[in-house]
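Below are the chains, spelled out letter by letter.
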Amino acid sequence: MIFNHFSRQINLTGNDSFYFIGIILAFASIPCALTGLVNSATSLAVLRFFIGFGGSTFVMCQFWTSRMFTKEVVGTANALVGGWGNLGGGVTQLVMGSVLFPLFKTGMSAEQAWRTVCIVPAA
C-alpha cells in the first residue's frame, strides 16, 4: 500500500515481465545456495526473507498469464503454469534426496551432507 502511494508502478505485462521475473529468480538463488551456511535462527530468518522474493514470482507469473490469455482459456493457462511451478518443487526434492544419500556413502557426516546438498536448488 505504501509503495503504491510513494513509488512508481511497475508494469508487468509484455516481455519485460519475463526479464523482471528472471532477475528476481536469479537473485533468489543466491540465498538459496547459502542455506548450508546457516548457524543461527536469525540468519535463517534473514535467509528465508530473501528466498521469499523468489517465491513471489509465482504470483507475478499467475498475474501475467491472467492478463495475456483470453477468458476462455485463462483457467487452463493458470493451471498449467501453476502445475509446472509445483512440479519444479517436487522434482527439486527428489533430486536433493538423490544427491544427499550418495554423499553419506562417501563418508560425509550428516550435517556436512545436508549443508552441501543445499546448493542443488540454487543451480
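Please refer to the structure placed before this passage.
Criteria and cut-off values
- Residues numbered from 1 in each chain as written.
- Predicted model: local features only at pLDDT ≥ 70, side-chain atom pairs only at ≥ 80, totals over all residues.
- Heavy atoms only, no water.
- Phe/Tyr/Trp six-rings, centres within 6.5 Å; stacked < 30°, edge-to-face > 60°.
- Buried < 20%, exposed > 50% of the residue type's maximum accessible area, 1.4 Å probe, protein only.
- Helix = DSSP H or I, 4+ residues; strand = E, 2+ residues; numbered from the N terminus.
- Axes fitted to C-alpha atoms, helices over the stretch in contact; angles between N-to-C directions.
- Parallel < 35°, antiparallel > 145°, perpendicular 65-115°, else oblique.
- Contact = heavy atoms within 4.5 Å.
- Nonpolar A, V, L, I, M, F, W, Y, C, P; charged D, E, K, R; others polar.

Trainee: Pulling in residues and values, what's your account of the packing of aromatic side chains?
Mentor: Using the criterion set out here, one finds four aromatic pairs in the structure. Ring geometry for Phe-49 against Phe-50: centres 5.1 Å apart, planes inclined by 80°, an arrangement best described as edge-to-face. Assessed through its relative accessible area of 41%, Phe-50 is described here as partly exposed. Ring centres of Phe-50 and Phe-53 lie 6.3 Å apart, and the angle between their planes is 35°; this geometry places the pair in the tilted category. A residue pair is termed a helical-turn pair when its members lie 3 or 4 positions apart in one helix, as Phe-50 and Phe-53 do in helix H3 (residues 41-55) at three residues.

Trainee: Account for the packing of H3 against helix H4 (residues 57-68), with residues named and values stated.
Mentor: Two elements in contact, H3 and H4, have axes separated by 5 Å at closest approach and are oriented at 15°. By the angle between their directions, the pair H3 and H4 is classed as roughly parallel. Contacts from Phe-53, Gly-54 and Gly-55 in H3 reach Thr-57, Phe-58 and Val-59 in H4. In terms of residue class, the contact of H3 with H4 is made up of three nonpolar, three polar and no charged.

Trainee: Before we move on, could you go through the side chain of Asn-78 and cite the residues and values that matter?
Mentor: Position of Asn-78 among the secondary structure elements: in helix H5 (residues 74-105). Look at Asn-78 and you get buried, because its relative accessible area is 17%. Among all residues touching Asn-78, those that are not within four sequence positions of it are Gln-62, Thr-65 and Ser-66.

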